[in-house]
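Each chain, written out:
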Amino acid sequence: MTAPGHIDFDGLLGARRRRARAELADAVWAVYAQQAPEKAGTTVPPADARREPRLYSQLVLGGLSGMTMDQLLLAGRREDPAPLTVTADDEGVVVLPGLGRARTGRCAGELTVRYDDAARTLTVDGEPTAYELEPCLMVPGTRIELVDRLDPVLKAFLDLHIDAPERLTLLTDGAAQLPCMADALDIIAAVSPGYHAALVESLRAVVLYRHPDAESFAALGMHGMIFLNVPDGAGVDHFVEELVHQGGHVVFSEATLHRAEFFRVDPEAELSGLIGRDDPRTVYDAFHGLFTEHMEYQIVLGALERELADDGDRPEFRAHLTSVARRHLRDLRLIGPHAGEIFSAAGREVLAAFQETYDRAAAAHPDLFGSGDDVEDLLRELVAIPSVNPLLPGAEGVADERDLAEFVAGRLRSAGVDVEMREVRDGRRNVIAHVPRAGDADGQVVLLSAHMDTYPAGGPEAGYRPVTRGRTLHGRGSADAKGSLAAMMTAFVQAAHAAHHREAYLAATVDEECLLLGARELARHGMRPTLGITGEPTRLAPVVAQKGIVRGAFTVRGPRSHAAYPAEITAVGSASELIAAVRELNARLRRETGHPRLGAATVTVTRLDSDGGMNLSATEVSVHFDARFLPGTTGEEFAARVEGELRAALGDHVDLSLASVDFVSPPNELPPVSPLADEFFAAVKESTGACEPEAFAYGSEAGVLAEFCTASLVFGPGDPRHSHAATESVDLDEVRTATDIFRRLLVGDQR
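Residues numbered from 1 in each chain as written. Predicted model: local features only at pLDDT ≥ 70, side-chain atom pairs only at ≥ 80, totals over all residues. Heavy atoms only, no water.

Draft legend 1. Local environment of the overall build of the protein. From N to C terminus, the protein includes 23 helices and 27 strands. Counting across all 751 residues of the protein, residues that qualify as buried make up 56%. For the protein, contacts bridging at least 24 residues in sequence account for 72% of all contacts bridging at least 6. When the accessible area of the protein is evaluated, it comes to approximately 30200 Å², of which 49% is carbon and sulfur surface. (Helix = DSSP H or I, 4+ residues; strand = E, 2+ residues; numbered from the N terminus. Buried < 20%, exposed > 50% of the residue type's maximum accessible area, 1.4 Å probe, protein only. Contact = heavy atoms within 4.5 Å. Areas by Shrake-Rupley, 256 points an atom, 1.4 Å probe, with all protein chains shown as cover.)

Draft legend 2. The side chain of Ser712, seen in detail. Looking at the element boundaries, Ser712 is found in strand S26 (residues 711-715). Within the structure, the side chain of Ser712 is placed 3.0 Å from the backbone oxygen of Ala702, a separation counted as a polar contact. Not counting the four nearest positions on each side in its chain, Ser712 is found in contact with Leu531, Gly532, Asn668, Leu670, Ala702, Leu705 and Ala706. (Polar contact = N/O pair within 3.5 Å; in protein donor to acceptor, adjacent residues only side chain to side chain.)

Draft legend 3. Representation of the packing of aromatic side chains in the model. All chains considered together, the criterion is met by 20 aromatic pairs. Between the aromatic rings of Tyr195 and Phe291, the centroid separation amounts to 6.4 Å while the plane-to-plane angle is 65°, which identifies the pairing as edge-to-face. With a gap of 96 residues between them, Tyr195 in helix H8 (residues 193-202) and Phe291 in helix H11 (residues 283-305) connect regions that are remote in the sequence. Like Tyr195, the residue Phe291 is buried in the burial classification. Summarising the aromatic geometry, the rings of Phe715 and Phe742 are spaced 5.7 Å apart at their centres and angled 85° between planes, so their arrangement reads as edge-to-face. Note that Phe715 is positioned in strand S26 and Phe742 in helix H23 (residues 732-747), a separation of 27 residues in sequence. Each member of the pair, Phe715 as well as Phe742, carries the same accessibility label: buried. (Phe/Tyr/Trp six-rings, centres within 6.5 Å; stacked < 30°, edge-to-face > 60°.)

Draft legend 4. Expanded view of the packing of helix H12 (residues 314-335) against helix H16 (residues 402-414). Where H12 contacts H16, the axes come no closer than 10 Å and their chain directions differ by 130°. Between H12 and H16, the crossing angle belongs to the class labelled oblique. The chirality of how H12 crosses H16 is right-handed. In contact with Arg326, Leu329 and Arg333 of H12, H16 contributes Glu406, Phe407, Gly410, Arg411 and Ser414. (Axes fitted to C-alpha atoms, helices over the stretch in contact; angles between N-to-C directions. Parallel < 35°, antiparallel > 145°, perpendicular 65-115°, else oblique. Left-handed = near helix turned anticlockwise from the far one by under 90°.)

Draft legend 5. Spatial organisation of helix H6 (residues 152-161). Where H6 is concerned, the buried positions are Val153, Leu154, Phe157 and Leu158. Along the axis of H6, the buried residues cluster in a sector spanning 125°; they form a single face. Those residues of H6 that are buried lie in contact with helix H4 (53-60), strand S7 (145-147), strand S9 (205-210), strand S10 (217-220) and strand S11 (225-229). (Arc of directions from axis to C-beta.)

Draft legend 6. View of the nonpolar core. Grouped together as the largest cluster of nonpolar side chains are 70 residues, with contacts concentrated most on Leu208, Phe239 and Leu243. Ranked by the residues each element gives to this core, the list is headed by H11, at 13 residues. The residues contacting Leu243, other than those within four sequence positions of it, are Met181, Ala184, Leu185, Ile188, Leu199, Ile226, Leu228 and Gly248. The next biggest cluster of nonpolar side chains, apart from the first, holds 61 residues, and it includes Leu412, Val446, Val493 and Val544. (Core = buried A, V, L, I, M, F, W, Y, C linked by side-chain atoms within 4.5 Å.)

Draft legend 7. Molecular detail of the pattern of salt bridges. Going through the model one piece at a time under the given rule, you end up with 53 salt bridges. Between Arg402 and Asp400 there is a salt bridge; the shortest N-O distance is 2.8 Å. Given a relative accessible area of 41%, Arg402 falls into the partly exposed group. What makes Asp400 buried here is its relative accessible area of 10%. Here the salt bridges share partners, and the residues they tie into one network are Arg17, Arg18, Arg21, Arg51, Glu201 and Glu254. (Salt bridge = Lys/Arg side-chain N within 4 Å of Asp/Glu carboxyl O.)

Draft legend 8. Geometry of the sheet that holds strand S2 (residues 93-96). Strand order in the open sheet formed by 6 strands is S1-S4-S5-S6-S3-S2, with antiparallel pairing between adjacent strands. Of all strands in the sheet, those bounded by a partner on one side alone are strand S1 (84-88) and S2. Strand-to-strand twist of the sheet, defined as the mean angle between neighbouring strand axes without regard to direction, takes the value 40°. Pairing between strand S4 (residues 109-116) and strand S5 (residues 121-124): 4 bridges, direction antiparallel. (Pairing = 2+ DSSP bridges.)

Draft legend 9. Fine view of the sheet that holds strand S15 (residues 467-469). If you trace the 3 strands from one edge of the open sheet to the other, you get S15-S16-S27, paired in antiparallel fashion. Each edge of the open sheet is held by one strand with a lone partner, namely S15 and strand S27 (729-731). The average angle at which neighbouring strand axes cross in this sheet is 25°, direction not considered. Looking at chain direction, strand S16 (residues 472-474) and S27 are connected through 3 bridges and run antiparallel. Residue Thr472 lies in a different strand from S27, and its bridge partner there is Asp731. Along the sheet face, H23 touches S15, S16 and S27 and points at about 60° away from the line of S27.

Draft legend 10. Summary view of the packing of H8 against helix H9 (residues 236-255). Axis separation between H8 and H9 bottoms out at 10 Å; the angle between their running directions is 75°. By the angle between their directions, the pair H8 and H9 is classed as roughly perpendicular. Between H8 and H9, the contacting residues are Tyr195, Ala198, Leu199 and Ser202 on the first element and Leu243, Val244, Gly247, Gly248, Val250, Val251 and Glu254 on the second. Split into classes, the residues belonging to the contact of H8 with H9 amount to 7 nonpolar, 3 polar and 1 charged. (Nonpolar A, V, L, I, M, F, W, Y, C, P; charged D, E, K, R; others polar.)

Draft legend 11. Inspection of the environment of Tyr505 at higher detail. With respect to the helices, strands and loops of the structure, Tyr505 is situated in strand S17 (residues 503-509). Taking the relative accessible area as the measure of exposure, Tyr505 reaches 12% and is therefore buried. Along the sequence, Tyr505 and Gln546 sit 41 residues apart, while their C-alpha atoms lie 23 Å from each other. With residues near it in sequence (within four places) discarded, Tyr505 still touches Ile432, Ala433, His434, Val445, Val446, Leu447, Leu448, Phe492, His525 and Met527.

Draft legend 12. Highlighting a negative patch on the surface. On the surface, Asp183, Asp186, Glu307, Asp310 and Asp311 cluster together into a patch of negative charge. Among the structural elements, Asp183 can be located in helix H7 (residues 174-191). Judged by its relative accessible area of 39%, Asp183 falls in the partly exposed class. (Patch = residues over 30% accessible without salt bridge, like charges linked within 9 Å, V, L, I, M, F, W, Y side chains within 5 Å. Lys, Arg positive; Asp, Glu negative; His and termini not counted. Charge placed at Lys NZ, Arg CZ, Asp CG, Glu CD.)

Draft legend 13. Region of the structure containing unusual backbone geometry. Omega for the bond connecting Asp480 with Ala481 falls within 30 degrees of zero, at 0°, which places this linkage in the cis form. Mapped onto the elements, Ala481 comes out in helix H17 (residues 478-496). In this structure, Arg539 is a non-glycine residue whose phi angle is positive, near 60°.

Draft legend 14. Fine view of H4. Of all 8 residues in H4, 6 are buried; the element is thus mostly enclosed. Among the residues of H4, Pro53, Arg54, Leu55, Ser57, Gln58 and Leu59 are the ones counted as buried. A distance of 2.9 Å separates the backbone nitrogen of Arg54 from a side-chain oxygen at the start of H4, and that oxygen is part of Glu52. Trailing H4 by a residue or two, Gly62 shows a phi angle of about 85°, which is positive.

Draft legend 15. Expanded view of the side chain of Arg281. Take Arg281: it is sitting in the loop between helix H10 (272-275) and H11. Engagement of the side chain of Arg281 in a polar contact is seen with the side chain of Asp331, the distance being 3.0 Å. Other than its neighbours up to four places away in sequence, Arg281 contacts Ala269, Glu270, Leu271, Ala286, Arg330, Asp331 and Leu334.

Draft legend 16. Main features of a nonpolar patch on the surface. The grouping of Val60, Leu61 and Leu160 at the surface amounts to a nonpolar patch, some 270 Å² of accessible area in total. One can find Val60 in helix H4. Owing to a relative accessible area of 53%, Val60 belongs among the exposed residues under this scheme.

What is shown is where atoms sit, not what they do.
Next comes the structure, spelled out in structure tokens:
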């Protein structure tokens, strides 16, 4: 591949493309020889004439009235003195593709003519009149015909390939479009001379039309014809994008005529079966799409970099660049991890060029590639990637955090940020990005952390397809906690490209919803942030204190007895006494001096299990509990305290033991003195108009972060009541505000 970032059209793809052109021409001529053997042996036109796309259509469609094979091949037989058979249309016009047309006045019939190349006339046998050949429109500086008359072959083709063809209007004022097309090709040539040369060599004809629904296409692309839907007022930007994209179909179809050279699997295999995600495309279609996307953003970016686009066109170029680059990156992330399975060495070489050139361009221009301000689109992409915690009921058959982790890492890398992925368990990995201090920033270190895992989908408004109504985005994970993750990622990239910014880490963690495995692995990383912020829905209120959580089970034992002869003391009866004792314990905890923000610790019985039978008393009852305890103690210490107080409250007849402590989430409390937190509060107040720090009893990763951060708090867009709900949603304005607040902290706007 060539530097600085364009496919080598003379090497890897160029040689294949030229070989394919010759093979296609020979194949068309072979079909022609079968259909018209008496003519095929009398003259052999140049291979270039055999590539006339309308000849291909005529042969494939089985012969159409209105145009003869001689007409279609005439462009390659100019010096042949033999008479030719042509057909005039209802207006007496004979169309000669690539040469022009003659108005004969002989309507709707076959004529035997001789063509005089020097005089550019047609003479009808037996008549003295020579009909002047009006030249066809050609795109300036090329041999590309601009079709401005819908001949019978093209009409038949369009009728087959466009829905509601009666709504199609051919642009007969093609000459008015030529200046824009010429300027577009000049821009393409300036950015990539190799791609321009490939386009003008491979394209034979362009059809311009208008249709309210149909998209531009290149269904005859391998044979050199493209069809462009041109809206009113289309400018140079439109033709750059369309010629690059649809012309790319022509070039790549030629270069990959022998598809097996690029794949280890059947090119027509369904992509979804190889990547493990729903995707309607074949492997080849996806590869083909990567190429056209690649060329689009490369040419458009080059036009912007070199200021080749007029000021009026630049906004359109920028918008198109962001859109197509996002599609390209999405496809790279889908296909890249499976490249070894899908592609041959040649295919992997092309794919590597796609990735390398994208990374280079995105790192140099994160603002143009949508990596900076597109937080709403980023959130939609995050929600659209299922990332259900596999330990939760209902997670079967749904992707865990792995796909999302690849997406997050790829997006950050494409913005020029250093990223590492650290395995936590069973292939599930944390994503950790880092930027060193830059400019005159102080020595404070910031950690932004949000979890990737979600609950399973909960209905139409809590599914994996984002739905936007007004300024509210619905979807699973939108509030908990992909809204926070989108804001953090966007702010992190913005700050990373600022002249002055603090040292910072961004972490996207796994398994917050169950065991905090990702946060615990993060604690082993070695970073020592001044302030760690856990992204959770808090309605943009900083949460500076939260209870810890300890979950476990007590075991209560008793003798086995038959219901006909019940024992005086049973495990179930003792369990009921235990539950009553828990109620009394909660009353005592409420009477204690609790936390000024969090109130009292609590213990809740959540489930009972036993080995009792239909008519047999249980010998063991497991009493599961969820306790919420206050800062200043640990989960194990609080569980031991609960056990001791319950033993003291129950009589010796209750056989009680603490069977297990299954889960501990540490509590968190912001230290009394935390200058960086004060700065953060100031940013919140400036952006929202108020800053009232709060406390909550929900769980989060903040307590784990507090174990290795000087200070830790919870903050993010969204309402915590929407977490896990059947109508999970987040306010998009809150997401944007959170982005601004995070960016302020990272660059130190409040200093």
